[in-house]
Amino acid sequence: EPRLPDLESHLRTQGWDDDELERVPKSWAVIGSVVLIQFGDCPRKEEVGETLLDLHGKADTVLAREGISGEHREPEITVVAGSGDTETIHTEHGTQYALDLRKVMFAPGNQRERARMGTAIEHGERVLDMFAGIGYFTLPMARAGARVTAVERNPTAFQFLLENAVLNDVTQNIDAYRADCREIEIDEPVERVVMGYYDAHDYLDSSLAALKPGGIVHMHETTPENLLWERPVRRLREAAETHGREVEILDKRRVKSHSEGVWHVVVDARIE
Ligand code: SAM
């Protein structure tokens, strides 16, 4: 992770006192030309925004992230400083993500997981990405040579998914559907299913129906600390059992902290 510039000492030279500085966020994300920050109870937000623009020469807009809502994961944001242009192209491990941060989510904390998906697959492998978004996982996998069926039902995210397939020159590796992933019929079972959605466990039936014997599922969820790893593992085992299939847990990972005492996790499982 690149070191973030020292915001605090800059604000101090602008006359901020210790009490105020304590409430200044310690971290933020730079997504393409946009700085994204969660303010909490930070005072003098506009001044912080202006200072962040000075510190990040290539950024031209600072956005405050207020939250993310609904099953389409739509962001709630406000412009704090700069041009207010929320459309940008973010580059990560060579993958380019065009997006509009006013309209679609981008979780900076999932960076390692996005990169991992690009290295997990084998060339030519068939993958179903059930919650593709703008291509968070689809793009690194397609760039690594996977043939991805990518499903996304939010029309705005779907448009960016199509644009990003072109931008990354991987249109030939991606079949994209704007649909509910439960409605998609796969003609040939796939080797891998990616379930990048906190309620993924509700979709395990469709996921297992698409997965060939010996295939791998990556199931995400938000798990309270005291239910690690019992709950996600049980959900996978129960779903597999109803399909008369066996589960081998391959990996259990914390993607990021979701909220106090709750983790965004992913469990990798082979389903015979
Ligand atoms: N995988 C991304 C990541 O980790 O950054 C997150 C994608 S976002 C959390 C989940 C996406 O799933 C949203 O774009 C939402 O519109 C989409 N979605 C939710 N329910 C869906 C469904 N039943 N079928 C298809 N897409 C769905």
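Please read these numbers as outputs of a predicted model, since none were measured by experiment.

## Examining the packing of aromatic side chains
One pass over the structure, following the stated rule, counts five aromatic pairs. A connected cluster of aromatic rings, assembled from ring pairs, spans Tyr 97, Phe 106 and Tyr 136. A cation over a ring is seen here: Arg 254 above Trp 263, with NZ or CZ 4.6 Å from the ring centre.

## Some words on the confidence of the model for the protein
A low pLDDT means the predicted coordinates there should not be read in detail. Averaged over every residue, the pLDDT of the protein is 95; the share at 70 or more is 99%. Listed scores for the predicted complex are pTM 0.94 and ipTM 0.93.

## Regarding the site of the ligand
What surrounds the ligand is a group of 19 residues, the closest being Asn 110, Phe 137, Glu 152, Asp 180 and Cys 181. Within the contact set of the ligand, an oxygen atom lies 2.8 Å away from a side-chain nitrogen or oxygen of Asn 110. Starting from 600 Å² of accessible surface for the ligand in isolation, the protein chains cover 97%. Grouping the amino acids of the shell around the ligand by side-chain chemistry returns nine nonpolar, five polar and five charged.

## Re the layout of surface pockets
Reported here for the second largest pocket is a volume of approximately 230 Å³. Taken together, 15 residues make up the lining of the second largest pocket; nearest its centre are Arg 126, Thr 149, Asp 175, Tyr 177 and Asp 187. Elements supplying a minimum of two residues to the lining of the second largest pocket: strand E7 (126-129), strand E8 (147-151) and strand E9 (174-177). Here the residues of the lining of the second largest pocket sort into seven nonpolar, three polar and five charged.

## With respect to the environment of Asp 187
Following the sequence through the fold, Asp 187 ends up in the loop between E9 and strand E10 (190-195). As for Asp 187 and Ser 69, which are separated by 118 residues in sequence, their C-alpha atoms are 34 Å apart.

## Section: empty space enclosed by the protein
For the structure shown, the criterion picks out one cavity of 30 Å³ or more. Within this model, the largest cavity holds a volume of roughly 70 Å³. Taken together, Leu 36, Arg 65, Ile 68, Pro 75, Ile 77, Leu 101, Val 104, Met 105 and Phe 106 form the lining of the largest cavity. Looking at the lining of the largest cavity, the elements with two or more residues in it are strand E3 (61-69) and strand E4 (74-82). Grouping the constituent residues of the lining of the largest cavity by class yields eight nonpolar, no polar and one charged.

## Topic: the environment of Arg 112
In this fold, Arg 112 is placed in helix H4 (residues 111-120). What makes Arg 112 exposed here is its relative accessible area of 63%. On a C-alpha basis, the gap between Arg 112 and Lys 256 in space is 9.6 Å, while along the polypeptide they are 144 residues apart. Excluding its chain neighbours within four sequence positions, the residues that come into contact with Arg 112 are Arg 254 and Val 255.

## Observations concerning unusual backbone geometry
Glycine aside, a negative phi is what most residues show, and trans is what most peptide bonds show. A cis amide bond links Leu 228 to the next residue, Trp 229, at an omega of -10 degrees. For Arg 44, which is not glycine, the phi dihedral falls at a positive 45 degrees. In this model, Asp 169 sits at a positive phi of 60 degrees, which is unusual for a non-glycine residue. You can see Asp 169 is positioned in the loop between helix H6 (155-167) and E9. Looking at Asp 169, the relative accessible area reads 58%, which means it is exposed.

## What to know about the pattern of salt bridges
Under the criterion given, the structure shown has 19 salt bridges. Across the pair Arg 192 and Glu 125 runs a salt bridge, and its minimum N-O distance is 2.5 Å. One end of the pair, Arg 192, is in strand E10; the other, Glu 125, is in the loop between H4 and E7, and 67 residues separate them in sequence. Of the two residues, Arg 192 and Glu 125, both sit in the buried class. A salt bridge links Glu 191 to Lys 212; the nearest nitrogen and oxygen atoms lie 3.0 Å apart.

What counts, and at which threshold
- Residues numbered from 1 in each chain as written.
- Predicted model: local features only at pLDDT ≥ 70, side-chain atom pairs only at ≥ 80, totals over all residues.
- Heavy atoms only, no water.
- Phe/Tyr/Trp six-rings, centres within 6.5 Å; stacked < 30°, edge-to-face > 60°.
- Lys NZ or Arg CZ within 6 Å of the ring centre and 35° of its normal.
- pLDDT = per-residue confidence, 0-100.
- Near = heavy atom within 4 Å.
- Polar contact = N/O pair within 3.5 Å; in protein donor to acceptor, adjacent residues only side chain to side chain.
- Areas by Shrake-Rupley, 256 points an atom, 1.4 Å probe, with all protein chains shown as cover.
- Nonpolar A, V, L, I, M, F, W, Y, C, P; charged D, E, K, R; others polar.
- 1 Å grid on protein atoms, 1.4 Å probe; cavity = no way out; pocket = protein on both sides within 12 Å on 5 of 7 lines; lining within 4 Å.
- Points joined across faces, edges and corners; volume = space filled by probe spheres on them.
- Helix = DSSP H or I, 4+ residues; strand = E, 2+ residues; numbered from the N terminus.
- Buried < 20%, exposed > 50% of the residue type's maximum accessible area, 1.4 Å probe, protein only.
- Contact = heavy atoms within 4.5 Å.
- Salt bridge = Lys/Arg side-chain N within 4 Å of Asp/Glu carboxyl O.

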